[in-house]
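# Structure at a glance
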Amino acid sequence: MDLPTFKKLISHDGKRLFRDMPWRESLPDGSYDPYRILVSEVMLQQTQVPRVIPKFIAFIAVFPTVKSLAVAPLSDVLKLWSGLGYNRRAKYLHDAAQHLLNAAKPWSYDDLIACKGIGPNTAKAVIVYTYDRPEIFIETNIRTVFIHYFFKDKPAVSDKEILELHQHSLDSCNPRSCYWALMDIGAYIKSTTGNANTKSNTYKKQSKFEGSLRQHRGRVLKQLSDGPKKLDQLQAENDPRLISVLEQLEAEGLIHKSRSNYLIGNR
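My aim in this report is to walk through the structure given alongside it, one point at a time.

So, how was this worked out
- Residue indices follow the written sequence of each chain, beginning from 1 at its first position.
- Totals for whole chains, interfaces and linings use all residues, but because this is a predicted model, local features are given only for residues with pLDDT of at least 70 and pairs of side-chain atoms are given and counted only at 80 or more.
- With hydrogens and water set aside, each side-chain value is computed from the structure's full complement of heavy atoms.
- Side-chain rings of Phe, Tyr and Trp, where Trp is taken by its six-membered ring, are said to pair if the distance between their centres is within 6.5 Å; with planes under 30 degrees apart they count as stacked, over 60 as edge-to-face, and otherwise as tilted.
- Strands are runs of DSSP state E lasting at least 2 residues, helices are runs of H or I lasting at least 4, and numbering of each runs from the N terminus.
- Relative accessibility decides the category of a residue: with a 1.4 Å probe and only protein chains considered, values under 20% of the type maximum give buried, values over 50% give exposed, and everything between is partly exposed.
- Only C-alpha atoms enter the line fits that serve as axes; for helices the fit covers just the stretch in contact. Angles between N-to-C directions range over 0 to 180 degrees.
- Orientation categories follow fixed angle ranges, with anything under 35 degrees roughly parallel, anything over 145 roughly antiparallel, 65 to 115 roughly perpendicular, and all other angles oblique.
- Two helices cross in a left-handed way if the nearer one is turned anticlockwise from the farther one by less than a right angle. They cross in a right-handed way if the turn is clockwise.
- Two residues qualify as a contact provided that any one of their heavy atoms is within 4.5 Å of a heavy atom in the partner residue.
- In this classification, the charged set is Asp, Glu, Lys and Arg, the nonpolar set is Ala, Val, Leu, Ile, Met, Phe, Trp, Tyr, Cys and Pro, and all remaining amino acids, among them Gly, are polar.
- We define a salt bridge as a contact between a side-chain nitrogen of Lys or Arg and a carboxyl oxygen of Asp or Glu at a distance within 4 Å.
- What makes two strands pair is DSSP finding at least two bridges between them.
- Throughout, nonpolar core names a set of buried Ala, Val, Leu, Ile, Met, Phe, Trp, Tyr and Cys residues whose side chains join them through atoms within 4.5 Å.
- One less than the residue count of a helix, multiplied by 1.5 Å, gives the span that helix is expected to have.

By the definition in use, this model includes 12 aromatic pairs. Relative to Phe 150, the ring of Phe 6 lies with its centre 5.1 Å away and its plane at 75°, an arrangement referred to as edge-to-face. In this pair, Phe 6 is assigned in helix 1 (residues 3-10) and Phe 150 in helix 9 (residues 140-150), connecting sequence segments 144 residues apart. Residue classification places Phe 6 among the buried positions, given a relative accessible area of 0%. Between the aromatic rings of Phe 59 and Trp 81, the centroid separation amounts to 6.2 Å while the plane-to-plane angle is 85°, which identifies the pairing as edge-to-face. One end of the pair, Phe 59, is in helix 3 (residues 49-62); the other, Trp 81, is in helix 5 (residues 74-81), and 22 residues separate them in sequence. Trp 81 carries the same exposure label as Phe 59, and that label is buried. Linked through ring pairs, Phe 6, Phe 146, Tyr 149 and Phe 150 together constitute an aromatic cluster.

Below you can see the structure in the form of structure tokens.
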């Protein structure tokens, strides 16, 4: 495919039907809430859309504003996050809310990037989707689209090659719609022809979840979400990695120990 044809494919023509996602809904005045966008972007890191949608709806119902999240106990946030995996994201989001609560709107790239767990691509995505500003960022669906249309016969594709095309194809007048199109086309390509992103130099195959340390960490957090537990109660699973998992979770501020009990959240 040549670049002009590709630009037409992802351009906003006023007729495109985008996938229905709650974070794509504007506020009554037509604007977009940067907080809702940020929540969705953090949830979508390493988690597929169908799993995120019900969690996003539930999360926003409990924490509808950045202030409501910032002042909430981390334990409440972690309990609501349970089931999404990669629980550090919940803490990063909670910390980000506390930082951004005092930041003037519109949030800037520097405001966002100053938050632990928010990288350049996430920060730029929030700016694009909230304020419709033309920022260039790459994620897996975007890589999939460019590799599918421009690098089908190349075994290894660098982000530098993709960025060069991306910079020349983005509709700077309608970047939000352009990115929505890229995301939806990428999802369609994955569902119909496979994951072209495996040709990316950045691709790393996700490790098996069953029996993994990630699964064990999630199990411990789920147990603690029901209330404080003593070590012998947690050892019911009889996993030899339990002590190291507890030490990791405590070091990350996801759990803490009080006397002989382990509790979810920081002190």
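Structure shown, so let's carry the discussion forward.
Turning next to the packing of helix 9 against helix 11 (residues 175-193). Closest axis-to-axis distance for the helix 9/helix 11 pair is 8 Å, and the angle between their directions is 70°. By the angle between their directions, the pair helix 9 and helix 11 is classed as roughly perpendicular. Of the two possible hands of crossing, helix 9 and helix 11 adopt the one that is left-handed. Along the contact surface, helix 9 presents Thr 140, Asn 141, Ile 142, Thr 144, Val 145, Phe 146, His 148 and Tyr 149, while helix 11 presents Tyr 179, Leu 182, Met 183, Ile 185, Gly 186, Ala 187, Ile 189, Lys 190 and Thr 193. When grouped by side-chain class, the residues that make up the contact of helix 9 with helix 11 number 10 nonpolar, 6 polar and 1 charged.

Another point: unusual backbone geometry. A cis amide bond links Lys 105 with the next residue in sequence, Pro 106, at an omega value of 5°. Inspection of the secondary structure assignment puts Pro 106 in the loop between helix 6 (88-100) and helix 7 (109-113). In this structure, Tyr 86 takes a positive phi of about 45° despite not being glycine. Positive phi outside glycine occurs at Arg 259, with the angle close to 60°.

Where side chains of opposite charge bring their charged atoms close, a pairing between them can arise. One pass over the full model with this rule turns up 8 salt bridges. With its nearest N and O atoms 3.8 Å apart, the salt bridge here joins Glu 252 to Arg 88. On the criterion of sequence distance, the pair formed by Glu 252 in the loop between helix 14 (242-251) and strand 2 (255-258) and Arg 88 in helix 6 is long-range, its members being 164 residues apart. Judged by relative accessible area, Arg 88 falls into the partly exposed class, the value being 39%. The salt bridge involving Arg 176 is made with Asp 132; its shortest N-O contact spans 4.0 Å. In this pair, Arg 176 is assigned in helix 11 and Asp 132 in the loop between helix 8 (120-131) and helix 9, connecting sequence segments 44 residues apart. Overall, the relative accessible area of 25% leaves Asp 132 in the partly exposed class. Through salt bridges with shared partners, a single ionic network connects Arg 19, Arg 24 and Asp 184.

Once that is clear, we can look at the pairing of strand 2. The pairing of strand 2 with strand 3 (residues 261-264) spans 4 bridges and is antiparallel. The residue bridging Ile 255 from the neighbouring strand is Ile 264, located in strand 3. Counted along the chain from strand 2 to the antiparallel partner strand 3, the turn is 2 residues long, and its residue Arg 259 has a positive phi close to 60°.

Okay, the nonpolar core next. Formed by 74 residues in total, the largest nonpolar core has its most connected members in Tyr 35, Phe 59 and Tyr 129. The element best represented in this core is helix 11, accounting for 8 residues. For Tyr 35, the residues in contact, after removing those within four places along its chain, are Phe 59, Ile 60, Phe 63, Pro 64, Thr 65, Val 66, Leu 69 and Trp 107.

Let us look at helix 3. Its 14 residues give helix 3 an end-to-end C-alpha distance of 20 Å, which sits within 8% of 20 Å, the value for a rise of 1.5 Å per residue. Buried residues in helix 3 make contact with helix 2 (34-43), helix 4 (66-70), helix 5 and helix 6.

Our focus in this paragraph is the environment of Arg 214. Looking at the element boundaries, Arg 214 is found in helix 12 (residues 213-225). Look at Arg 214 and you get partly exposed, because its relative accessible area is 24%. Spatially, the C-alpha atom of Arg 214 lies 21 Å from that of Val 39, the residues being 175 residues apart in sequence.

Attention now goes to the sheet that holds strand 3. Pairing is antiparallel in the open sheet, where 3 strands are placed in the order 1-3-2. Each edge of the open sheet is held by one strand with a lone partner, namely strand 1 (229-230) and strand 2. Strands in contact with helix 12 are strand 1, strand 2 and strand 3; relative to strand 3, the strand with the most contacts, it is inclined by about 95°. In the packing of helix 14 onto the sheet, contacts are made with strand 2 and strand 3, and the angle to strand 2 comes to roughly 105°.

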